[in-house]
Amino acid sequence: MSGAFTEGSPGVQNACAAGEATKCTECLLLGPECGWCFQEDFLEDPLQNTRCDLVTNLIRKGCNSNLIEFPVAKINIEESQLSQLAPSKVSLHLRPGTEASFILKVQRLDDYPLDLYHLVDTSASMVANLERLNSVGYSLSQKMATFSSNFQFGFGSFVDKPVSPFINIQPDKLVNPCSNYETFCLPAHGFINVLPLTENIREFTKAVEEHIISGNEDTPEGVLDAMLQVAVCENHIGWRKEAKRLLLMITDQISHLALDSKLGGIVLPNDGNCHLKNNIYTHSTIMEHPSVGLLVDKLLENNIHVIFAVQGSRITWYKDLLVTQSFYSFLPFLLFYLIQMLLSEVELQVDNHINGIYVNITAICPDGSEISGHNKCMNVKANDTVSFNITVGMTECYDGDKYIALKPIGYNETTFISVKSTCTCQCKGPIDHRAGRCFDEELELDCKHCQCKKGASNSSCKEMPWEQCLIERCQQHKEQPACSSRGICHCGKCLCYVTRLGRVYGKYCEKDDFSCPYHRGSLCAGNGECKGGECKCYPGWEGESCNCSSFLESCRSGSGVICSGRGTCVCGRCQCTESRASGTFCDVCPTCENSCENSWKCVECHLNHWPDSSNCSTSCSQMVLVDELSGIYCFQSVVFILHRFSASW
């Protein structure tokens, strides 16, 4: 890597000077700390990458500060004419790696719009609760009028999936689950949107009063199925975008979970979409109950707060299942209190998320508390003001202006943020001086002239947008990301990232000097260098991570043969290639075919009394036993030689 470092920070690599940028725009893309000196006579260096550096380094090397291209983040705030939200519009100019912050103020509404949907378990055991709900509706609306005149009520019912074993499938039970009790019940159903949200309280009371209970067989109910449909079917339910959305879940039993559906032969996972036709859930017998994770995601995505009206010990079940929600026993004054508490929240949401731009929010509540990463305050009184510290940052360039919307939930006012990326160079001095060392005219010209790749038809090449063509120049293969996701594709050329781990390089940023295998915490085991993602081992070492010694002496047996001729030496140890061999040097092989042949010299040593026969007893005694009269018994094999040996041996 280049030996460029930040001034005053020994050992810290400077991405600007190490990035080999030869044009101003390339320099700006290397990092928010990088500047480009376009002074005509700067250093008189033919290598133009010396013009890209930290601003302090450029000035120290003699560049006039007025002739340095270094865009900084800019912010313009328009004063708001809105009564409860300020500011109304913010304009930002950012470059990758920079941020800008401002304060957004929200005054709590004193007449909060509210949508309250009642989702009721209408199985037979809920008769008393359904009657109680009928009386509660009117009294609750009277109490709510004290802090909001803008509210809607809705009502939906559910029981369970209408398949065996969750219901009784005898013909008479399918029509009337309560036939044994000489009364009529509705057939079991997954979910019915009985009454979409309405301002007419009398209509709500009538819908609850006229609704008929149903029945099923097992204890758990299809709670999750019904809740998900209420959450995602925005138009059918009638949720208003500007209202606080509350879902009142009323049941006296625990819920079925996703895998329970398999008992009824339903194995298709829930897709999280709305499936209502004529206000009836059509996929109850087709898809599984949703997972808890999927349900929570949909509730959060649609800004729905859930209040569970659950009796007795079943509250614990729902607390463990959905720990982010509220829980209570079914008492009207508690319901009123919880709604009032939820309406005292001021929560800010971000709409129109943009790739390459992030928004961080810190709520500053009226009581002085400040929680980083939180976007709401609790227990806010009417007409109190909540402040939000908004930080907007950019990670990559894009064309044109982008817009982000900040909207307090339940308000009809919005703050719009206009974000413009500053990624190209102007190279203008204090007197509109245009130097010849910006080098961006040639760059922009190249961007507009993308040549067809070999083998591409002229028609398809002409139809391809030149921006897409330039991106393809940065791809090693069509299915791979541009610049291997380790650099920026600018005008058909990869500008590779500079990392603390080492150098990234190559036409497509596909190579580096740090992605080699490690052994015991050391790159290439400390016995080699990493080049292009592969270990290049020093002499005497081998293997993928250079952790193996290439010296063979440790594998040489007493006879001088590497691994007794039955294996190979790997990392200084014998690996036997003969399946019947074993031992440190692959020297133990009682069934090898040539064991007796290998011992013939020892046989001759014993029979013919060679001059060095005194060594026969030590070097060969364990290999053969010689009987001059009856023959030779070779103990290293199953071969049994019966004939006498002639003197011709």
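Use the structure listed above.
Presented here is a report on the structure given in the accompanying data block.

Conventions adopted
- Residues numbered from 1 in each chain as written.
- Predicted model: local features only at pLDDT ≥ 70, side-chain atom pairs only at ≥ 80, totals over all residues.
- Heavy atoms only, no water.
- Phe/Tyr/Trp six-rings, centres within 6.5 Å; stacked < 30°, edge-to-face > 60°.
- Buried < 20%, exposed > 50% of the residue type's maximum accessible area, 1.4 Å probe, protein only.
- Helix = DSSP H or I, 4+ residues; strand = E, 2+ residues; numbered from the N terminus.
- Disulfide = S-S within 2.5 Å.
- Pairing = 2+ DSSP bridges.
- 1 Å grid on protein atoms, 1.4 Å probe; cavity = no way out; pocket = protein on both sides within 12 Å on 5 of 7 lines; lining within 4 Å.
- Points joined across faces, edges and corners; volume = space filled by probe spheres on them.

### Description of the packing of aromatic side chains
Thought 1: Scanning the entire structure with this criterion turns up three aromatic pairs.
Thought 2: Seen from their ring centres, Phe151 and Phe153 are 5.7 Å apart, and the 40° between their planes marks the pair as tilted.
Thought 3: Since its relative accessible area comes to 11%, Phe151 is described here as buried.
Thought 4: With centroids separated by 5.2 Å and ring planes inclined at 70°, the aromatic side chains of Phe153 and Phe204 adopt a geometry described as edge-to-face. With Phe153 in strand β9 (residues 151–158) and Phe204 in helix α6 (residues 201–210), this residue pair connects regions lying 51 residues apart in the sequence. Phe204 matches Phe153 in its accessibility class, with the two residues each being buried.
Thought 5: An aromatic cluster is present here, built from Phe151, Phe153 and Phe204 joined pairwise through their rings.

### Some thoughts on the state of the cysteines
Thought 1: Using the criterion set out here, one finds 14 disulfides in the structure.
Thought 2: The residue that forms a disulfide with Cys555 is Cys569, at a sulfur-sulfur distance of 2.0 Å. The sign of the S-S torsion, about 65°, decides the handedness of the disulfide formed by Cys555 and Cys569: right-handed. Taken together, the residues span a long stretch of sequence, with Cys555 in the loop between β32 (548–549) and β33 (567–570) and Cys569 in strand β33 at a distance of 14 residues.
Thought 3: Covalently, Cys576 is tied to Cys586 through a disulfide, its sulfur atoms 2.1 Å apart. Of note, the bridge from Cys576 to Cys586 carries an S-S torsion of about -105° and is left-handed in sense. Note that Cys576 is positioned in strand β34 (residues 573–576) and Cys586 in the loop between β34 and α15 (595–598), a separation of ten residues in sequence.
Thought 4: You can call Cys586 buried: its relative accessible area is 0%.

### A look at helix α7 (residues 223–232)
Thought 1: In terms of burial, α7 is largely enclosed, as ten of its ten residues are buried.
Thought 2: Within α7 the residues assigned to the buried category are Val223, Leu224, Asp225, Ala226, Met227, Leu228, Gln229, Val230, Ala231 and Val232.

### Topic: the sheet that holds strand β19 (residues 376–377)
Thought 1: Pairing in this open sheet of six strands is mixed, and the strands run β4-β6-β22-β21-β16-β19 from one edge to the other. Two strands in the sheet have a free side with no partner beyond their single neighbour: β4 (74–78) and β19.
Thought 2: Pairing between strand β16 (residues 346–351) and β19: two bridges, direction antiparallel. Considered in β19, the bridge of Val346 is made with Cys377.

### A few points about empty space enclosed by the protein
Thought 1: Across all of its chains, the model carries two cavities of 30 Å³ or more by this definition.
Thought 2: Computed from the structure, the second largest cavity encloses a volume of approximately 30 Å³.
Thought 3: If you go around the second largest cavity, the residues you meet are Val350, Asn352, His353, Ile354, Ile357, Tyr358, Val359 and Ile404.
Thought 4: Ranked by residues supplied to the lining of the second largest cavity, first place goes to strand β17 (residues 357–364) with three residues.

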